[in-house]
Amino acid sequence: MTQVFFYHGASDRLAAACALISGAWSKRKPLLVYAPDAPVADGLDRLLWTQAQLSFIPHCRANSPLAAETLILITDHVDSAPQQERLMNLGHAIPPGYNRFQSLIEVVGRDEDDRLAARERVHQYKEQGCEVQYFDLSARD
């Protein structure tokens with residue numbers, strides 16, 4: 001069963017996602033990032049290139065020729081992406097096929113629409129038998 005980790009209360013959702021991705025990269029853990037909205041995917045891609053001068057996080061789109069050699073992949077289609085152990089959801093709905101992953105990371109900002117969509121996903125995950133854990137990011141600002 002997939003373990004779901006909700007990181008909520010982020011003042012900047014993409015910056016929080018980038019920090020979590022950085023943690024996965026530092027441990028050399030593969031991560032598939034589901035970003036179905038192009039502006040979110042593009043923003044994350046840009047942020048991963050520019051987050052800090054000396055901390056570039058190697059990443060690419062899942063459909064890139066370099067995907068087989070890259071630990072951090074960004075995709076808008078989970079089902080067609082390479083198999084990974086970890087999935088990060090930056091969409092507002094449950095990712096299709098999420099249950100083929102050992103863990104799912106949700107990053108939730110302070111925006112009301114984001115919070116409401118996250119609450120709905122929590123209910124759906126619990127109904128499907130997933131264990132859900134919560135981590136409050138609001139105190140980290």
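Residues numbered from 1 in each chain as written. Predicted model: local features only at pLDDT ≥ 70, side-chain atom pairs only at ≥ 80, totals over all residues. Heavy atoms only, no water.

(A) Inspection of the packing of aromatic side chains at higher detail. On inspection of all chains with the given rule, the structure shows five aromatic pairs. Centre to centre, the rings of Tyr 7 and Phe 135 are 4.8 Å apart; their planes meet at 15°, and the pair counts as stacked. One end of the pair, Tyr 7, is in strand E1 (residues 3–10); the other, Phe 135, is in strand E7 (residues 131–136), with 128 residues separating them in the sequence. Residue class for Tyr 7 comes out buried when judged on its relative accessible area of 16%. The class of Phe 135 is partly exposed, set by a relative accessible area of 32%. Grouping aromatic residues by their ring pairs yields a cluster made of Phe 6, Tyr 98, Tyr 125 and Tyr 134. Directly above the aromatic system of Trp 25 lies the positively charged group of Arg 28, at a separation of 3.8 Å from the ring centroid. (Phe/Tyr/Trp six-rings, centres within 6.5 Å; stacked < 30°, edge-to-face > 60°. Helix = DSSP H or I, 4+ residues; strand = E, 2+ residues; numbered from the N terminus. Buried < 20%, exposed > 50% of the residue type's maximum accessible area, 1.4 Å probe, protein only. Lys NZ or Arg CZ within 6 Å of the ring centre and 35° of its normal.)

(B) View of the nonpolar core. In terms of nonpolar packing, the biggest core is built from 23 residues, with Ile 21, Leu 31, Val 33, Leu 44, Met 88 and Leu 90 touching the most fellow members. Elements represented by at least two residues in this core include exactly E1, helix H1 (13–26), strand E2 (31–34), helix H2 (38–50), strand E4 (72–75) and strand E6 (103–109). Val 4, Phe 6, Leu 73 and Leu 87 belong to the second-largest nonpolar core, a separate cluster that totals 21 residues. (Core = buried A, V, L, I, M, F, W, Y, C linked by side-chain atoms within 4.5 Å.)

(C) Quick look at the packing of H1 against H2. Between H1 and H2, whose axes approach to 10 Å, the crossing angle comes to 55°. Put simply, H1 runs oblique to H2. The chirality of how H1 crosses H2 is right-handed. Contacts between H1 and H2 involve Leu 14, Ala 15, Ala 17, Cys 18 and Ile 21 from the first element and Val 40, Gly 43, Leu 44, Leu 47 and Leu 48 from the second. Of the residues assigned to the contact of H1 with H2, the class counts are nine nonpolar, one polar and no charged. (Axes fitted to C-alpha atoms, helices over the stretch in contact; angles between N-to-C directions. Parallel < 35°, antiparallel > 145°, perpendicular 65-115°, else oblique. Left-handed = near helix turned anticlockwise from the far one by under 90°. Contact = heavy atoms within 4.5 Å. Nonpolar A, V, L, I, M, F, W, Y, C, P; charged D, E, K, R; others polar.)

(D) Representation of the pairing of E6 in the model. By the criterion of burial, E6 is predominantly enclosed, with seven of the seven residues buried. A two-sided burial pattern is seen for E6, the buried positions comprising Ser 103, Ile 105, Val 107 and Gly 109 on one face and Leu 104, Glu 106 and Val 108 on the other. Where E1 meets E6, six bridges bridge the pair, whose relative direction is parallel. Residue pairing in the sheet places Phe 6 in a bridge with Glu 106 of E6. Bridge count for strand E5 (residues 86–89) against E6 is four bridges, and the pairing is parallel. The residue bridging Arg 86 from the neighbouring strand is Ser 103, located in E6. (Pairing = 2+ DSSP bridges.)

(E) Region of the structure containing the side chain of His 59. Structurally, the position occupied by His 59 is in strand E3 (residues 59–61). A polar contact of 2.4 Å, which involves the side chain of His 59, links it to the side chain of Asp 45. Side-chain polar atoms of His 59 contact the backbone oxygen of Ile 57, separated by 2.7 Å. (Polar contact = N/O pair within 3.5 Å; in protein donor to acceptor, adjacent residues only side chain to side chain.)

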